[in-house]
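So the chains spell out like this:
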Amino acid sequence: MTHSLVTGANRGLGLEFVRQLLARGERVIATCRQPERAAELTRLSGDYPGHLTVMPLALPDPRAIAALMRDIEALDSPVGCLINNAGMLVPDERYGSIEANALQDSFAANAQGPFLLTQALAPRLSNGARVLNISSGLASIAGATSLFSPSYSISKAALNMATKLTSIALADRSIVVIALSPGWVSTDMGGANASLTPTQSITAMLRVIDGLRIADSGRFLAHTGEPIDW
Ligand code: NDP
């Protein structure tokens, strides 16, 4: 049986991905920066014995990625679904005072991390696997109409290019790689006024993921399954 791997799984959308994948009987590797503080994942491990493995991962640290690869190798089971969910948003950015660190940290977490993790994991992905890069409507260059969160938007647009290139790299193994926007969701990042709950967003995204075909690889889709203009 293959595993699904979810990054940034200790809270928000990542945690809800884990909950719903476990509820439908899947085996899940959940990564987070501080497993010892991930109380909800620890509880879920008890609820689903043998189905949930929690592993540390801080992105894009190459040593952390290498250590994760060793842990996954020890599981001796391919990964059938990689959900590059971990991401960050620098709040309250204003054009004119955007800092280099904000751009660097955003690129590192939102683009470099998922790209390097997928590259490292590629040998352990099963043929026909799914790779979901959790992007954002704010990554759409065609849809950009405001200056909201430049560091975030620029880094997620880079993630979209990473998605396209990874889809080309893994095409000969029928691995489907897409950029997937979750909608505006009430998490720490999305805030309380968001239009979707994590349950609604993840239910919708899993429906999209389940319906993916090889022809979808390299596309940028919304949680509804509709294409988003690059
Ligand atoms: P949260 O801020 O609630 O959670 C973010 C998660 O990512 C946390 O687990 C966090 O870990 C982890 N993370 C952040 N940076 C790193 C890093 N460098 N290395 C490893 N883990 C990291 O966000 P959401 O759950 O809302 O977002 C999940 C994904 O969905 C993100 O990629 C986000 O950009 C995207 N998204 C969300 C939207 C929304 O409305 N919520 C809209 C569009 C896209 P820790 O707890 O240690 O900080």
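All figures in this text were calculated on a predicted structure; none of them were measured in a lab.

Trainee: What's the story with the nonpolar core in this structure? I'm lost.
Mentor: A general trend in soluble globular proteins is that nonpolar side chains are found buried together. Counting residues in hydrophobic clusters, the biggest one holds 31 residues, and the most contacted among them are Phe17, Val18 and Leu41. The element best represented in this core is helix 1 (residues 12-23), accounting for six residues. The contacts of Val18, once residues within four sequence positions are left out, are Val6, Ala9, Val28, Ala30, Leu41, Leu44 and Leu52. Core analysis: the next-biggest nonpolar cluster, separate from the first, contains 21 residues, Leu117, Leu121, Leu170 and Ile175 among them.

Trainee: Help me out: how do you make sense of the side chain of His3 in this one?
Mentor: Counting through the fold element by element, His3 comes out in strand 1 (residues 3-6). Those residues within four positions of His3 in sequence are excluded, and the remaining contacts are Arg27, Val28, Ile29, Leu75, Ser77, Pro78, Val79, Gly80 and Cys81.

Trainee: How should I be thinking about unusual backbone geometry in this particular structure?
Mentor: Comment: phi is negative for the bulk of residues other than glycine, and the bulk of peptide bonds are trans. Pro60 follows Leu59 through a cis peptide bond whose omega is 5°. A positive phi is found at Asp76, a non-glycine position, where the angle reads about 55°. Position of Asp76 among the secondary structure elements: in the loop between helix 3 (62-75) and strand 4 (79-84). Residue classification places Asp76 among the exposed residues on the basis of a relative accessible area of 64%.

Basis of the calculations
Residues numbered from 1 in each chain as written. Predicted model: local features only at pLDDT ≥ 70, side-chain atom pairs only at ≥ 80, totals over all residues. Heavy atoms only, no water. Core = buried A, V, L, I, M, F, W, Y, C linked by side-chain atoms within 4.5 Å. Buried < 20%, exposed > 50% of the residue type's maximum accessible area, 1.4 Å probe, protein only. Helix = DSSP H or I, 4+ residues; strand = E, 2+ residues; numbered from the N terminus. Contact = heavy atoms within 4.5 Å.

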